Amino acid sequence: MIVGKEIDINKEITLGSLDLKINSVNITSFNVGNSGMEFVKGTDTVRTTISNTDIHLSVDAEATSKIPIPLEITDVYISGASLQLDLATTTDNQVNWQLVESSILSFKDINVTCAEKVWQKAFDTLKPEIIATSNYLLKFAEGVVSGAVDAFNYELAHQTDDTFVFDIAGIPLNLTMTKYPELNSTE
């Protein structure tokens with residue numbers, strides 16, 4: 001469903017003396033090795049896993065720096081990408097509840113293809129540092145997910161009578177619950 005989709009990014013990033021402009025990314029291939037959703041044994045936690053995923057992206061990106069050779073990135077190939085997302089609910093009074101989340105994002109390898117041979121050699125040489133930096137950014141992404149859950153939990157803790165009222169086809173629908181939602185395994 002996502003293969004062949006082009007995502008317009010139009011983002012400029014400055015890294016030291018390097019100005020990087022990412023115009024667009026096209027998802028050329030997306031292969032999931034394994035995926036699943038299950039209860040973690042002995043808990044009320046639902047674990048979603050996607051592992052051994054390979055993603056090939058055609059990239060329209062260019063960079064300029066003090067070095068007079070332009071940098072044009074044409075392809076990025078990520079292999080062995082994995083996601084583990086654990087979700088559970090918790091409550092003290094069986095009415096007010098919070099979402100508990102834990103996520104792990106990682107990948108095994110990344111290959112960047114450049115139009116210029118001198119830049120390709122530089123990327124190949126710096127590959128361990130690129131992987132380390134990318135994994136650091138994935139840890140940052142885990143923090144973003146955690147922050148979004150914290151913001152959701154804040155809204156839950158400060159809900160009003162209108163927090164869960166949604167307008168659907170012109171009719172207000174109140175989705176407020178009288179009891180907290182339970183993720184409940186039958187084991």
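Before any of the text, the structure's been laid out above.
The present account deals with the structure reproduced in this document. (Residues numbered from 1 in each chain as written. Predicted model: local features only at pLDDT ≥ 70, side-chain atom pairs only at ≥ 80, totals over all residues. Heavy atoms only, no water.)

### Some points on unusual backbone geometry
Threshold: Secondary structure follows DSSP: runs of H or I at least 4 residues long count as helices, runs of E at least 2 residues long count as strands, and numbering of each begins at the N terminus. For each residue, the accessible area found with a 1.4 Å probe, counting protein chains only, is set against the maximum for its type, and the residue is called buried under 20%, exposed over 50%, and partly exposed in between.
Located in the positive-phi region is Asn10, a residue other than glycine, with phi close to 45°. Mapped onto the elements of the fold, Asn10 is located in strand β1 (residues 6-15). For Asn10, a relative accessible area of 56% translates into the label exposed. Of note in this structure, Asn52 is not a glycine but carries a positive phi near 50°. For Asn52, the location among the structural elements is in strand β4 (residues 46-64).

### Describing the pattern of salt bridges
For clarity, the cut-off: One speaks of a salt bridge when a side-chain nitrogen belonging to Lys or Arg is within 4 Å of a carboxyl oxygen belonging to Asp or Glu.
Applying the stated rule across the entire model yields three salt bridges. Asp86 is the salt-bridge partner of Arg47, the closest N and O atoms lying 2.7 Å from each other. Placement of the pair is Arg47 in strand β4 and Asp86 in strand β5 (residues 71-91), with a sequence separation of 39 residues. For Arg47, a relative accessible area of 24% gives the class partly exposed.

### What about the pairing of strand β3 (residues 34-39)?
The condition is simple: DSSP-based pairing: two strands are paired if at least 2 bridges between them are found.
Within β3, only zero of the six residues are buried, which leaves the element largely exposed. With six bridges connecting them, β3 and β4 associate as antiparallel partners. Of the residues in β4, the one forming a bridge with Gly36 is Thr49. Hairpin connection between β3 and β4: a loop of six residues separates the two successive antiparallel strands, and Gly42 in this loop has a positive phi of roughly 80°.

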